[in-house]
Amino acid sequence: MKVIGKGRGKKKLKFSSSSNLLGRNPRERSIMRHEPIRRPSDDHATENVVVFDIETVVDTEMEDGSFPPWPRHKPVAAAFLRADWSTTGYRFDFQTLICLPGEEAKFYAEVDRLLSKGVTSVSYNGRGFDLPVLQIQAMATQQFELQGLGHHARAHRYGADHCDLADQFSGYGGTRKVPLIELCNALAIPVKTSVHGSDVGTLWHEGDIASIADYVREDVVATYILWLHWCAARTNDERKIAEPLADLAGYLETTSELAHLATFATCPPALWARPRALAHRVEAALRDAERRVIQHADERAFASGRIVN
């Protein structure tokens, strides 16, 4: 493996000895039939997020030219953008992995480390492709103790651990899923500016690992900005996009290894986000200063005994 990039309360039922439904009394069966179906929450935490994407190759293409079934795909590259929130802003760490022949076990161990428990993983069609591909190919290398990867691969479709933006934007099948590029074009997010997924196989066989690494990183940044749009719209709070996107733009501009991603720092959403983030942070600082002044005044009044109950 080669690492490239910047480091940094329902009613309880009593069951009979038989597990068969026919072994339960009529009242219990009636309760089960009328138990309401509760859809789990899909509110995703935004403080600690890992956005990821993979690129794959197949040994043989389909005779009819169709997209090969996912179990035939073998990952050759993966990128992980971690975004952690703190009171001082967002901190980012970008990791890119290349799966070289003979180093598959190391590759999946590193994937497992980067997809740790306790973070919200974000992807575009990751539930339908990236996660099952990673999991089955890890199995093929006898990697059965990857708790992080397993945790996110088994995440509930409506749960909070993994957010598949293809599911979110299609309303879980309310409308048909579209390629990532369609949503990015609608939101003026740069994506697939030079390489496309169909080029990866050729680039891999030619040994052009650098182009594949650049491409997978580009898709991850585009997916992250799409995620920020989704978070802001879902919570009706523009701070959910303005502040992290402004910080991301600054991170990309000051990280020399990510110079090829500079267009994301100057794209229309980023140019909008920068002044909005500043305005929100100034407003928050003023509110905090006002709160502190009032608190200090109350403390002085209490110390001098001038507060009357």
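Nothing here was measured: the structure is a model prediction, and the numbers come from that model. (Residues numbered from 1 in each chain as written. Predicted model: local features only at pLDDT ≥ 70, side-chain atom pairs only at ≥ 80, totals over all residues. Heavy atoms only, no water.)

Draft legend 1. Broad picture of the overall build of the chain. A count of helical and extended segments in the chain gives eleven helices and six strands. Scored against the burial criterion, the 309 residues of the chain give a buried share of 43%. With the model as given, the accessible surface of the chain reaches about 17100 Å², and the carbon-plus-sulfur share is 53%. (Helix = DSSP H or I, 4+ residues; strand = E, 2+ residues; numbered from the N terminus. Buried < 20%, exposed > 50% of the residue type's maximum accessible area, 1.4 Å probe, protein only. Areas by Shrake-Rupley, 256 points an atom, 1.4 Å probe, with all protein chains shown as cover.)

Draft legend 2. Quick look at the side chain of Asp-130. Tracing the sequence through the fold places Asp-130 in helix α3 (residues 126–140). In this structure Asp-130 is buried but unpaired, with Lys-192 as the nearest side chain of opposite charge at 10 Å. The contact partners of Asp-130, leaving out residues within four places of it in the chain, are Phe-52, Asp-53, Ile-54, Tyr-124 and Asn-125. (Lys, Arg positive; Asp, Glu negative; His and termini not counted. Salt bridge = Lys/Arg side-chain N within 4 Å of Asp/Glu carboxyl O. Contact = heavy atoms within 4.5 Å.)

Draft legend 3. Spotlight on the pairing of strand β4 (residues 89–98). β4 sits mainly inside the fold: nine of its ten residues count as buried. With ten bridges joining them, strand β3 (residues 74–86) and β4 adopt antiparallel strand pairing. By the bridge assignment, Ala-77 is partnered in β4 with Ile-98. Between the end of β3 and the start of β4, which pair antiparallel, lie two residues. (Pairing = 2+ DSSP bridges.)

Draft legend 4. Representation of the packing of helix α8 (residues 209–235) against helix α9 (residues 239–253). It is the contact of α8 with α9, at a shortest axis distance of 8 Å, that shows an interaxial angle of 160 degrees. Taken together, the axes of α8 and α9 are roughly antiparallel relative to one another. The way α8 lies across α9 gives a crossing that is right-handed. Residues Val-221, Tyr-224, Ile-225, Leu-228, His-229, Cys-231, Ala-232 and Thr-235 of α8 touch α9, and the partners they reach there are Lys-240, Ile-241, Pro-244, Leu-245, Leu-248 and Leu-252. In the contact of α8 with α9, the residues fall into eleven nonpolar, two polar and one charged. (Axes fitted to C-alpha atoms, helices over the stretch in contact; angles between N-to-C directions. Parallel < 35°, antiparallel > 145°, perpendicular 65-115°, else oblique. Left-handed = near helix turned anticlockwise from the far one by under 90°. Nonpolar A, V, L, I, M, F, W, Y, C, P; charged D, E, K, R; others polar.)

Draft legend 5. Representation of the pattern of salt bridges within the structure. Within the structure shown, the criterion is met by 17 salt bridges. Here Arg-127 makes a salt bridge to Asp-167, at a shortest N to O gap of 3.3 Å. Note that Arg-127 is positioned in helix α3 and Asp-167 in helix α5 (residues 165–169), a separation of 40 residues in sequence. You can call Asp-167 buried: its relative accessible area is 2%. The closest approach of N and O atoms between Asp-288 and Arg-291, which form a salt bridge, is 2.9 Å.

Draft legend 6. Broad picture of the packing of α9 against helix α11 (residues 268–303). Look at α9 against α11: their axes get within 7 Å of each other, and the N-to-C directions meet at 115 degrees. For the element pair α9 / α11, the angle class is roughly perpendicular. Where α9 crosses over α11, the two elements pack in a sense that is left-handed. In contact with Arg-239, Ile-241, Ala-242, Glu-243, Leu-245, Ala-246, Asp-247, Ala-249, Gly-250 and Glu-253 of α9, α11 contributes Pro-269, Ala-270, Trp-272, Ala-273, Arg-274, Arg-276, Ala-277, His-280, Arg-281 and Arg-287. Within the contact of α9 with α11, the residues separate by chemical class into ten nonpolar, two polar and eight charged.

Draft legend 7. Geometry of a nonpolar patch on the surface. There is a patch of nonpolar side chains on the surface, built from Leu-278, Val-282 and Leu-286 and spanning about 300 Å² of accessible area. If you trace the backbone, Val-282 turns up in helix α11. (Patch = residues over 30% accessible without salt bridge, like charges linked within 9 Å, V, L, I, M, F, W, Y side chains within 5 Å.)

Draft legend 8. Region of the structure containing the pairing of strand β2 (residues 48–57). Counting buried positions along β2 yields nine of ten residues, so the element is predominantly enclosed. Pairing analysis gives three bridges linking β2 to strand β5 (residues 120–123), with the strands arranged parallel. Residue Val-51 lies in a different strand from β5, and its bridge partner there is Val-122.

Draft legend 9. Local environment of the confidence of the model for the chain. Residues at a pLDDT of 70 or more form 86% of the chain, whose mean pLDDT is 87. Counting contacts from residues 7–24, a segment whose pLDDT is below 50, to residues more than four positions away or on other chains yields 29 contacts. (pLDDT = per-residue confidence, 0-100.)

Draft legend 10. Representation of the state of the cysteines. By the definition in use, this model includes zero disulfides. Of the cysteine sulfurs around Cys-231, a residue in no disulfide, the closest is that of Cys-163, at 7.0 Å. Among the residues examined, Cys-231 registers a relative accessible area of 1% and is labelled buried. (Disulfide = S-S within 2.5 Å.)

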